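As a plain string of letters, each chain reads:
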Protein chains: 2
Amino acid sequence: MKANIPNRIILPEEKTPTQWYNLRADMPEKPPALLNPGTGEPLKVEELFPIFCEELARQELNNTDAWIDIPGEVLDYYKTFRPSPLHRAYRLEEELGTPARIYFKFEGNNTSGSHKLNSAIAQAYYAKAQGLRGLTTETGAGQWGTALAMACAHFKLPLTVYMVKGSYNQKPYRRSIIHTFGAEIIPSPSDTTNAGRAILAQMPGTTGSLGCAISEAVEKAVTNEGFRYVLGSVLNQVLLHQSVIGLESKAALELYDEYPDLVIGCAGGGSNLGGLIAPFMQDKLQGRANPRILAVEPASCPSLTRGKYVYDFCDTAKVTPLAKMYTLGSGFIPGANHAGGLRYHGMSPMLSKLYHDGYMEAVSYEQTTVFGAAAEFSKVEGILPAPESAHAIRAAIDEALKCKETGEAKTILFGLTGTGYFDMTAYEQYLNGTMSDVIPTDAQLEASEPQS
Amino acid sequence: MKANIPNRIILPEEKTPTQWYNLRADMPEKPPALLNPGTGEPLKVEELFPIFCEELARQELNNTDAWIDIPGEVLDYYKTFRPSPLHRAYRLEEELGTPARIYFKFEGNNTSGSHKLNSAIAQAYYAKAQGLRGLTTETGAGQWGTALAMACAHFKLPLTVYMVKGSYNQKPYRRSIIHTFGAEIIPSPSDTTNAGRAILAQMPGTTGSLGCAISEAVEKAVTNEGFRYVLGSVLNQVLLHQSVIGLESKAALELYDEYPDLVIGCAGGGSNLGGLIAPFMQDKLQGRANPRILAVEPASCPSLTRGKYVYDFCDTAKVTPLAKMYTLGSGFIPGANHAGGLRYHGMSPMLSKLYHDGYMEAVSYEQTTVFGAAAEFSKVEGILPAPESAHAIRAAIDEALKCKETGEAKTILFGLTGTGYFDMTAYEQYLNGTMSDVIPTDAQLEASEPQS
């Protein structure tokens, strides 16, 4: 029965999702509320309006509606690159000699090169619908900045992107592609904001961090009439939009009577992971199935595996609300030789709660072993993965090798979030043997500990 | 009836081609034969065996079989990235305010980033099937080298790629991706071959050319036991494999009762153009339809629009057979500031014949206007085109604007051959206003004239 599964499954149009799935509605215990840092009180939706689009603010705090209609204009845009393909990794299975059946959901087949476009187009749509004049954001490795620049070009919305300085210098092509889509791009920390100037005064040579770039982007939004800030991960609204990944994956597997024993996603702020696992976690919460859910993070920025579950700021300058999450401290900056994204100090509050409550596992990997998996995967599967995505590949390979030992024919699903075309410098370092691993010491983690 | 055409048409599996279409079989006058440069006599298939795989040599000279089965292993691989989507460019139409209906066939949705993979996987398959030890090739902008490296990784075949030195230095990421797929990559001209050493002695500072890299790759193949040479364009066999582009395009348009009034493709050696137009040219040759067919080439390397239709060598060192084609002379090297591919001195003999016999038109564009079209297209359609592909976009936009003037609702189909992720340096030059145009003078063309 399972012999005729193609190696690339494209979901038929009538099966593609027209609603996003809001997992929080089905969580027996909700993630703790965001807190106003001044009062320590739970944030009211109106308090978010100066920062976020109103509809996005409402989505952020919506713990009750399980299904939210995808607006027509967003659906139309989705149709230019979705449904994304679900691949059966026959060649990888053969190469590993594993009885496991390995599937991956490939989100790299759009110009932004990653899953980030799923939320970018939604956020740009709501901004346009509200009549805003423009948006600000930050980007680390550049995937989010590229996706949002594309989305804003589509709706003809001005955009300013603060790009973590280390990436800005390492990835000139990322800058150029964001520039091509018409966005302004500024290396962070910069002298264009108070937050940036303060950080530069304190650490003149810093290569920046996501937390710092967030501070700058938020400041720029709240000090410019008609501008709002948007974010590509961590937030509930983002995980909501990314649920299309999981919904499509589940529907595509159902076509072939498959269900994953194990769902694996890379985890930085949690946008891909939260989206991929959403419908499977629903099954788990409602007792219909019990798949293992595995988050994979870099050893250089191990928020789930070495962070603390406490209230912390989402940014470095401490201007954002407080979120209860696994965090390394808002001052944490991963080592400069860490390649790729997944460099945020915290983790999605929703995923943090699920992890804390035992619904999810987490593991961390050093980057050389991750790039080893990426290089192997590219040769056998013919897709060049982003370093971020390669974390999930590494874990999937290791789990498939365990199946080889035990003889279990498990079904493994992982998220292949994007392509590595802009990460060739890091690939070259790996191939030449000049890549090294960066693992923060306990002392370093203590020094950046959350202060709340 | 035509209102419900989606903006991305994916051909259903049962409609995807299982045979390639060999246009030569239906040409009333065949392209003149390849000649042995020593004897001046038409080449026999056995004479090609030392250079090419035997099956590919047979395909090269096959002027009689219109349909050739795609081998099962190639079909399996095609399924990992084909059918490629056919897009309706609604947003571009709206932006231009044209009554034209614009479609484009997008071949960039695979890791190699272009249509080149269609032939690469076929050529690697035949090499493997013949039990060869390895392959050699050349690459200009890097698309073919990337595609062949992927294909050879799939079949675990060693590969040496001679990359035009100018591109090798301009595009370090291209090198790295080819390296990641396990191929050896050498900047050409190099000191690894007699041909390379001779050219280096004559022009020590040269940035190289495709013709020169071909000489090196052929020499490397014929001097190494069990190796053969493969080529990504120009040859009949390549156009045969690329016919999947046109076959899929035509089948996808038929689903919506559409037929192009105009088919536009960029033209370097002719691989994409020949593949895209194949079934439409068949209709034209057989009197079933009369679409305009338009080749678009760079003003910096204008083989069709300014070359001569004569017998010429396919390479610089004059070791290859002689082909009758539109050519600028095998010694022609496009200006160093020419961005992207489409830099071959000649044109596919089959397309040359069709152009010479009046079945096809040609136009050339300067690169700044091409990049202008690319930047505009990327913003409205959300796909970042390769500079090569952008030549077709430029022509499609201009034709759509003519429709706006005349009020004609023509159906335009163009080939979007690939993505521009590795061409961001050129995009940045365009955006910063530092890109210039390079048009060879008449004196330059005369100096490189074919000598036969």
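Residues numbered from 1 in each chain as written. Chains lettered and ligands numbered in written order. Predicted model: local features only at pLDDT ≥ 70, side-chain atom pairs only at ≥ 80, totals over all residues. Heavy atoms only, no water.

Asks: I tried to follow the overall build of chain A on my own but got confused; where do I start?
Replies: Regarding its fold elements, chain A presents 18 helices and 15 strands. The C-alpha radius of gyration computed for chain A amounts to 20 Å, which stays within 12% of the reference 22 Å derived for 452 residues, consistent with globular compactness. Each principal axis of the C-alpha atoms in chain A carries an extent, and together these give about 60 × 50 × 40 Å. Here chain A holds 452 residues, and 67% of them are scored as buried. Here the contacts in chain A between residues at least 6 apart in sequence split such that 76% fall between residues at least 24 apart. (Helix = DSSP H or I, 4+ residues; strand = E, 2+ residues; numbered from the N terminus. Rg over C-alpha atoms; globule rule 2.2 N^0.38 Å. Buried < 20%, exposed > 50% of the residue type's maximum accessible area, 1.4 Å probe, protein only. Contact = heavy atoms within 4.5 Å.)

Asks: What am I meant to see in the pairing of strand β7 (residues 159–164) of chain A here?
Replies: Side-chain positions along a regular strand alternate between the two faces of the sheet. Residues and elements named next belong to chain A. Counting buried positions over the 6 residues of β7 gives 6, a clear majority of the element. Of the two faces of β7, the one carrying L159, V161 and M163 and the one carrying T160, Y162 and V164 are both buried. Where strand β6 (residues 134–139) and β7 come together, 5 bridges link them in parallel fashion. For T136, the partnering residue across the bridge sits in β7 and is T160. Once you follow β6 into helix α6 (residues 143–154) and on to β7, the crossover reads as right-handed. One ladder, built from 5 bridges, connects β7 with strand β8 (residues 184–188); its direction is parallel. Pairing of T160 across the sheet is with E184, part of β8. (Pairing = 2+ DSSP bridges. Right-handed = clockwise from strand over helix to strand, strands pointing away.)

Asks: Hey, could you run me through the relation of the copies chain B and chain A in this one?
Replies: These two copies of the chain differ by a rotation about an axis and a displacement along the same axis. The transform that puts chain B on chain A rotates by 180° and translates by 0.0 Å along the axis, for an RMSD of 0.0 Å. Look at the turn and shift together and you get a two-fold axis relating the two. Within chain B, the C-alpha atom positioned nearest to the axis of rotation is that of N109(B), 2.9 Å from it. (Least-squares fit on C-alpha atoms with pLDDT ≥ 70 in both.)

Asks: Any chance you could explain the side chain of T320(A) here in plain terms?
Replies: All names here are of chain A. Relative to the elements of secondary structure, T320 occurs in the loop between β12 (308–313) and β13 (322–327). With relative accessibility at 6%, the residue T320 sits in the buried group. Among the polar contacts made by the side chain of T320, one reaches the main-chain amide nitrogen of C314 at a distance of 3.0 Å. (Polar contact = N/O pair within 3.5 Å; in protein donor to acceptor, adjacent residues only side chain to side chain.)

Asks: How should the interface of chain B and chain A be read in this particular structure?
Replies: Many structure descriptions define interface size as the accessible area lost when the parts assemble. Of the residues lining the interface, 39 residues belong to chain B; the matching set on chain A comes to 39 residues. Buried area between chain B and chain A, both sides added, is near 3800 Å², and the carbon and sulfur share of it is 52%. Contact with chain A buries area across many residues of chain B, yet Y173(B), T180(B) and Y421(B) alone supply 20% of it, more than any other trio. Our count for the chain B to chain A interface comes out at 2 salt bridges. Salt-bridge contacts for E95(A) lead to K156(B); the nearest nitrogen and oxygen are separated by 3.0 Å. (Buried area = accessible area lost by both parts, 1.4 Å probe. Salt bridge = Lys/Arg side-chain N within 4 Å of Asp/Glu carboxyl O.)

Asks: Would you mind going over unusual backbone geometry with me for this structure?
Replies: Backbone phi values are negative for most residues with the exception of glycine, while trans is the configuration of most peptide bonds. Cis peptide bonds are those with omega within 30 degrees of zero, and the linkage from R82(A) to P83(A) qualifies with -5°. Locating P83(A) in the fold gives a position in the loop between α3 (72–78) and β4 (86–88). P189(B) follows S188(B) through a cis peptide bond whose omega is 5°. The residue K318(A) is not glycine, and still its phi comes out positive at about 60°. One non-glycine residue, K156(B), lies in the positive phi region at around 55°. Locating K156(B) in the fold gives a position in the loop between α6 (143–155) and β7 (159–164). Owing to a relative accessible area of 53%, K156(B) belongs among the exposed residues under this scheme.

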